[in-house]
Amino acid sequence: DANYRRLLGDRVWSLQTPFSEVAGYFPAPLLALRTLKAELGCGIPAEQEERAASENPGTWMTDGKFGVVQYLASPARQTAVANAAWRWDGPGSDATS
């Protein structure tokens, strides 16, 4: 649970916020397996949230009966960060002054 909280920046996201938006900063492909035991999460479609809430009202996010499997094959923002980090416009580059 602590590592998942760190992954999400220990922030309360809307449950419908896509996992790719929240964890896009991660530097490699990522698989998160989590049993819900805290009121923190993301990437949960509204229909699934409603179903879980109707089955276990008030406790579905904390009772450990539900979980998530979230996979991010290619962190989108990481490519942009890497490209920006490797751009060189200093002396000797082809960039115009």
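Note: the structure precedes this text.
In short, a report on the structure. Just so you know, these numbers come straight off a predicted model, no measurement behind them.

**A short note on the pairing of strand β2 (residues 67-72)**
Of the two faces of β2, the one holding Val68, Gln70 and Leu72 is buried and the one holding Gly67, Val69 and Tyr71 is not buried anywhere. Looking at chain direction, strand β1 (residues 30-35) and β2 are connected through 6 bridges and run antiparallel. Following the sheet pairing, arginine 34 is matched in β2 by valine 68.

**Focus on the pattern of salt bridges**
Counted under the stated rule, the structure contains 2 salt bridges. Of the charged contacts, one joins aspartate 10 and arginine 5 as a salt bridge, the two residues approaching to 2.9 Å between their closest N and O atoms. In this structure, arginine 51 and glutamate 55 form a salt bridge, with 3.1 Å as the shortest nitrogen-oxygen distance. Of this pair, arginine 51 and glutamate 55 both sit in helix α3 (residues 46-55), 4 residues apart, which is roughly one turn of that helix. Assessed through its relative accessible area of 46%, glutamate 55 is described here as partly exposed.

**Comments concerning a nonpolar patch on the surface**
Judged by side-chain polarity, Leu31, Leu33, Val69 and Tyr71 come together as a nonpolar surface patch covering roughly 480 Å² of accessible area. Where the nonpolar patch is concerned, the elements lending two or more residues are β1 and β2. For leucine 31, the position within the fold is in strand β1.

Rules used in this analysis
- Residues numbered from 1 in each chain as written.
- Predicted model: local features only at pLDDT ≥ 70, side-chain atom pairs only at ≥ 80, totals over all residues.
- Heavy atoms only, no water.
- Buried < 20%, exposed > 50% of the residue type's maximum accessible area, 1.4 Å probe, protein only.
- Helix = DSSP H or I, 4+ residues; strand = E, 2+ residues; numbered from the N terminus.
- Pairing = 2+ DSSP bridges.
- Salt bridge = Lys/Arg side-chain N within 4 Å of Asp/Glu carboxyl O.
- Patch = residues over 30% accessible without salt bridge, like charges linked within 9 Å, V, L, I, M, F, W, Y side chains within 5 Å.
- Areas by Shrake-Rupley, 256 points an atom, 1.4 Å probe, with all protein chains shown as cover.

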